[in-house]
Amino acid sequence: MSIIQQLVSGIGVPNFYVLIPEIIILITAFVVFFIELFGKNKRSLITWTTVAGLSLSLIFTFVIVLGILNLITNPQILAHAKESGFYSFIISNFFEQYMTLFGLYSVDIFSLVFKVFILVGTLFVIFHLRSYAESKKTYYGEYYYLILFAVLGMMIMVSSPNLITFYIGLELMSIAVYILIGMYRKNYLSKEAAFKYLIIGGTGTAIISYAIALIYGFSGKFAFGDILKTLFYSDQTNVGLIGGLILLILGLALKASAVPMHFWTPDAYEGAPTPITAFMAAPVKIATYAVILKIMVEAFPFVSEQWSLAWAILAALSMVVGNAVALVQKNVKRMLAYSSIAHTGYIVAALAAPTTVGFAALIFYSLIYVFMAVGALMFLSLFERFEGWTNHIDDFKGLARKNPWMAFVMGAFMFSMLGIPPTVGFMGKLFVFLALIGSDIWWLAVLLVIMSIVSAGYYLKVVSNMYFYDPAKPISFNISLPEKLSMGILAIIVIILGIYPTWFFKVSTNLSSILISTIGG
Amino acid sequence: MVPYEYYVVLSALLMVLGLVGVIIRKNIIAMLISTELMLNAVNIAFVAFDFKLQEVAGQVFVFFILTIAAAEAAVGLGLIMAIYRMKKDVSVEKLTELKF
């Protein structure tokens with residue numbers, strides 16, 4: 001046997017099959033990098049390569065989902081599934097999990113579903129990026145491969161079974177996003193926003209790595225499952241591990257912009273180019289929520305009383321401060337930044353109820369949040385291209401008369417963020433509310449309802465400005481059909497999921513039972 | 001032989017020093033240095049814990065942290081250059097334009 005064969009037989013070959021979506025994203029990023037470096041007349045080529053890479057990765061993610069459900073490899077099983085009822089069959093195969101790269105990378109349905117939503121959100125961002133950048137004279141090819149690297153970081157993050165993998169994914173994502181914020185050409189606010197995010201995000205990184213050091217020092221392990229066992233078998237309370245957990249919660253709350261550590265959010269959101277703001281508000285955010293849920297449930301289930309209280313306090317503060325400050329904002333982009341802080345509050349509020357229902361509510365809300373956040377910010381990015389549009393709240397006056405379709409779309413997103421019944425935002429808030437009541441956390445549930453009512457003050461102002469006023473400025477909007485269609489698709493998803501959330505909620509419930517099934521496994 | 005706890009305390013002190021630096025310094029270069037100081041404090045903690053556990057996994061993690069600190073410093077210095085070209089200043093008080 002040659003040395004290579006001995007090596008392979010000794011340590012085994014990692015299962016590259018389940019890594020195909022990540023590998024495709026990585027290769028696409030490098031291809032875009034070289035096209036940007038050497039190509040001529042390259043703008044459409046870069047866009048289409050990025051779109052192709054993301055779509056291909058999306059397709060392979062679906063293929064792996066089907067593979068986990070065992071539908072491709074074995075046709076007999078498929079025939080059997082048709083006989084015995086499709087849904088019950090899928091459930092029985094739901095808990096399969098692939099570990100690869102020597103236990104440093106896990107692929108299961110939980111991570112795959114989040115990957116699908118990250119990729120879909122990114123595709124919508126890429127679709128609108130070029131026209132925005134060209135109209136603002138800030139086109140760089142770098143946007144595309146930095147976005148791809150950030151997506152790769154998020155995909156690594158959501159399928160990490162291990163603090164090392166989690167940390168690498170988080171930093172790959174964060175550093176790419178720091179650069180993306182500062183890429184607005186000749187715009188000082190963008191540089192300032194990027195620097196603020198870099199300093200505060202860097203502090204968050206240091207806090208998270210110190211937390212990892214403490215957890216490693218007092219348990220001797222990095223993998224979530226091993227940390228759990230150390231906590232389970234230790235006789236007395238392990239002070240070092242609890243200290244590490246507190247620092248980890250603080251660092252993750254900083255990355256998710258929960259309130260005591262939210263200072264960077266409004267500035268970074270306002271300074272960044274608007275499509276990048278949408279990218280930060282949707283895919284980056286849901287990856288962070290997913291990883292928060294994963295670490296809390298898989299590594300620290302036996303101290304759930306402590307961390308659920310911590311997240312409840314963070315959620316309550318985020319709701320109150322986010323909504324209160326959003327009320328006085330005149331700039332809609334900055335208002336949406338504060339509303340995203342409030343939404344962080346609604347989403348992590350579900351962690352206050354450490355039950356299957358609570359985790360399902362968190363997953364459901366963070367998945368639907370992609371459509372609302374991308375939709376609302378993409379609307380701004382479409383309109384910012386026109387001369388005279390400043391994102392000020394008065395610019396929305398009379399929009400319904402000039403452009404009824406876009407006004408309707410924006411209205412749908414605003415109602416969904418507010419949580420009015422025919423839209424999906426209502427369902428998200430309802431499930432969080434039910435989860436909180438189910439665990440008898442009445443104070444937070446009541447606070448959630450009150451804060452939702454307060455948020456009507458700023459969301460409805462946008463809608464009423466669009467519908468009940470005469471146009472204030474003579475701006476003409478010509479928005480092309482594909483752009484209208486893409487916004488329409490997002491709005492229709494928001495409304496249809498609001499009317500029929502059953503299937504989506506089943507998926508979230510199953511995902512949360514997957515998470516719980518991995519405890520101790 | 002120095003006990004490992006001393007190194008952990010040293011790293012905690014450096015961490016706090018970096019955190020205080022980020023909060024109170026008014027010079028953007030000093031702020032960037034403070035974040036780097038915090039990441040290096042973490043490195044000391046990892047090596048100290050490896051000393052206690054008689055393992056090497058923590059020292060491998062230190063390499064990742066070094067790489068990430070370098071990447072962050074590169075991005076941060078690039079941004080400082082861009083800011084300095086536009087404003088000819090490095091003081092936070094004169095640079096802040098995004099406000100409540």
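Every value quoted in this text rests on a predicted model; they were computed, and no experiment measured them.

Asks: With reference to specific residues and values, describe the interface of chain B and chain A.
Replies: Contacts between the two partners involve 42 residues from chain B, matched on the other side by 41 residues from chain A. For the pair chain B and chain A, the interface holds zero salt bridges. The interface formed by chain B and chain A includes five residue pairs in polar contact (both at pLDDT 80 or more). Elements with a minimum of two residues in the side of chain B that touches chain A: helix 1 (4–24), helix 2 (28–53) and helix 3 (57–87) of chain B. For the side of chain B that touches chain A, the leading source of residues is helix 3 of chain B, giving 16 residues. Across the side of chain B that touches chain A, the residue classes break down as 30 nonpolar, five polar and seven charged.

Asks: Tell me about empty space enclosed by the protein, and name the residues and values.
Replies: All names here are of chain A. One pass over the full model with this rule turns up three cavities of 30 Å³ or more. Taken as a whole, the largest cavity encloses approximately 70 Å³ of empty space. Every residue along the wall of the largest cavity is listed here: M173, Y197, K255, W264, Y269, M280, V284, K285 and T288. Within the residue set of the lining of the largest cavity, elements represented by two or more residues are helix 12 (264–271) and helix 13 (274–299). Tallying contributions element by element places helix 13 first for the lining of the largest cavity, with four residues. Along the lines of polarity and charge, the residues of the lining of the largest cavity split into six nonpolar, one polar and two charged. What the second largest cavity holds in volume is close to 60 Å³. Residue lining of the second largest cavity: D394, D395, K397, K402, A472, K473, I475 and F477, and that is the complete set.

Asks: Describe the packing of aromatic side chains, with residues and values.
Replies: The description of two aromatic rings rests on the distance between their centres and on the angle between their planes. Under the definition given, this model contains 36 aromatic pairs over all chains. Considering the side-chain rings of F218(A) and F49(B), the 5.7 Å spacing of their centres and the 65 degrees angle between planes classify their relative orientation as edge-to-face. One end of the pair, F218(A), is in helix 9 (residues 188–219); the other, F49(B), is in helix 2, on a second chain. We classify F218(A) as partly exposed; its relative accessible area is 31%. By relative accessible area, which is 1% here, F49(B) ends up buried. The interplanar angle of 35 degrees and the centroid separation of 4.8 Å between the aromatic rings of F232(A) and F302(A) together place this pair among those described as tilted. In this pair, F232(A) is assigned in helix 10 (residues 224–233) and F302(A) in the loop between helix 13 and helix 14 (304–327), connecting sequence segments 70 residues apart. In textbook terms, an aromatic cluster arises when at least three aromatic residues are bridged by ring pairs, as seen for F117(A), F364(A), F371(A), F431(A), W503(A), F504(A) and F505(A). The ring of Y140(A) carries the charged tip of R185(A) above its face, separated from the ring centre by 4.6 Å.

Asks: Requested: an account of the pattern of salt bridges, with residues and values cited.
Replies: Scanning all chains against the criterion turns up 10 salt bridges over all chains. Because the salt bridges share partners, they merge into one network encompassing E192(A), K196(A), D267(A), E270(A) and R334(A).

Asks: How would you explain the side chain of S308(A) if you had to name every residue and give the values?
Replies: Residue and element names in this part refer to chain A. You can see S308 is positioned in helix 14. Classification of S308 by relative accessible area gives buried; the value is 8%. Reaching out from S308, the side chain makes a polar contact with the backbone oxygen of S304 at a distance of 2.9 Å. Within the structure, S308 has its side chain in polar contact with the backbone oxygen of E305 (distance 3.1 Å). Filtering out sequence-adjacent residues up to four positions away, S308 remains in contact with L351, A352 and P354.

Asks: Give a description of the packing of helix 9 of chain A against helix 2 of chain B that names residues and reports values.
Replies: Contact pair helix 9 of chain A / helix 2 of chain B: the axes reach a minimum separation of 9 Å and the direction vectors enclose 10 degrees. Considered as vectors, helix 9 of chain A and helix 2 of chain B are oriented roughly parallel to each other. Tallied by class, residues from the contact of helix 9 of chain A with helix 2 of chain B come to 20 nonpolar, five polar and two charged.

Asks: Would you mind going over unusual backbone geometry in detail, with residue names and values included?
Replies: Phi is positive for S257(A), which is not a glycine, with a value near 55 degrees. Looking at the element boundaries, S257(A) is found in the loop between helix 11 (239–255) and helix 12. Although it is not a glycine, Q54(B) adopts a positive phi angle of roughly 55 degrees. Structurally, Q54(B) is set in the loop between helix 2 and helix 3. Classification of Q54(B) by relative accessible area gives exposed; the value is 65%.

Asks: Residue-level account of the side chain of E171(A), with values.
Replies: Following the sequence through the fold, E171(A) ends up in helix 8 (residues 163–181). In this structure, E171(A) is in contact with T205(A), K255(A), I68(B) and E72(B), ignoring residues within four places of it in sequence.

Asks: Describe helix 15 (residues 332–349) of chain A, naming the residues involved and giving the relevant values.
Replies: All names here are of chain A. A rise of 1.5 Å per residue sets the reference length of helix 15, with its 18 residues, at 26 Å; its end C-alpha atoms lie 25 Å apart and thus fit the reference within 8%. Among the 18 residues that make up helix 15, 18 are buried, leaving the element largely enclosed by the rest of the structure. The N-cap residue of helix 15 is N331: its side-chain oxygen and the backbone nitrogen of K333 are 2.9 Å apart.

Asks: A description of a nonpolar patch on the surface should follow, citing residues and the corresponding values.
Replies: A grouping of W405(A), F408(A), Y467(A), F468(A), Y469(A), I492(A) and I496(A) is seen on the molecular surface, where their side chains present a nonpolar patch of about 720 Å² in accessible area. Position of I496(A) among the secondary structure elements: in helix 21 (residues 481–499).

Asks: Describe the packing of helix 16 (residues 356–383) of chain A against helix 22 (residues 502–517) of chain A, and please don't skip the residues or the numbers.
Replies: All names here are of chain A. Running from N to C, helix 16 and helix 22 point in directions that differ by 125 degrees, and their axes come no closer than 8 Å. By the criterion of interaxial angle, the relationship of helix 16 to helix 22 is oblique. Note on packing geometry: the crossing formed by helix 16 with helix 22 is right-handed. Contacts from T356, F359, A360, I363, F364, L367 and I368 in helix 16 reach F504, F505, S508, T509, L511, S512, S513 and I516 in helix 22. Among the residues making up the contact of helix 16 with helix 22, the classes are represented as 10 nonpolar, five polar and no charged.

Asks: Can you lay out the environment of V325(A) for me, pointing to particular residues and giving the numbers?
Replies: Mapped onto the elements, V325(A) comes out in helix 14. Sequence separation of V325(A) and A342(A) is 17 residues, and the distance between their C-alpha atoms is 9.8 Å.

Conventions and cut-offs
Residues numbered from 1 in each chain as written. Chains lettered and ligands numbered in written order. Predicted model: local features only at pLDDT ≥ 70, side-chain atom pairs only at ≥ 80, totals over all residues. Heavy atoms only, no water. Contact = heavy atoms within 4.5 Å. Salt bridge = Lys/Arg side-chain N within 4 Å of Asp/Glu carboxyl O. Polar contact = N/O pair within 3.5 Å; in protein donor to acceptor, adjacent residues only side chain to side chain. Helix = DSSP H or I, 4+ residues; strand = E, 2+ residues; numbered from the N terminus. Nonpolar A, V, L, I, M, F, W, Y, C, P; charged D, E, K, R; others polar. 1 Å grid on protein atoms, 1.4 Å probe; cavity = no way out; pocket = protein on both sides within 12 Å on 5 of 7 lines; lining within 4 Å. Points joined across faces, edges and corners; volume = space filled by probe spheres on them. Phe/Tyr/Trp six-rings, centres within 6.5 Å; stacked < 30°, edge-to-face > 60°. Buried < 20%, exposed > 50% of the residue type's maximum accessible area, 1.4 Å probe, protein only. Lys NZ or Arg CZ within 6 Å of the ring centre and 35° of its normal. Axes fitted to C-alpha atoms, helices over the stretch in contact; angles between N-to-C directions. Parallel < 35°, antiparallel > 145°, perpendicular 65-115°, else oblique. Expected span 1.5 Å × (residues − 1). Patch = residues over 30% accessible without salt bridge, like charges linked within 9 Å, V, L, I, M, F, W, Y side chains within 5 Å. Areas by Shrake-Rupley, 256 points an atom, 1.4 Å probe, with all protein chains shown as cover. Left-handed = near helix turned anticlockwise from the far one by under 90°.

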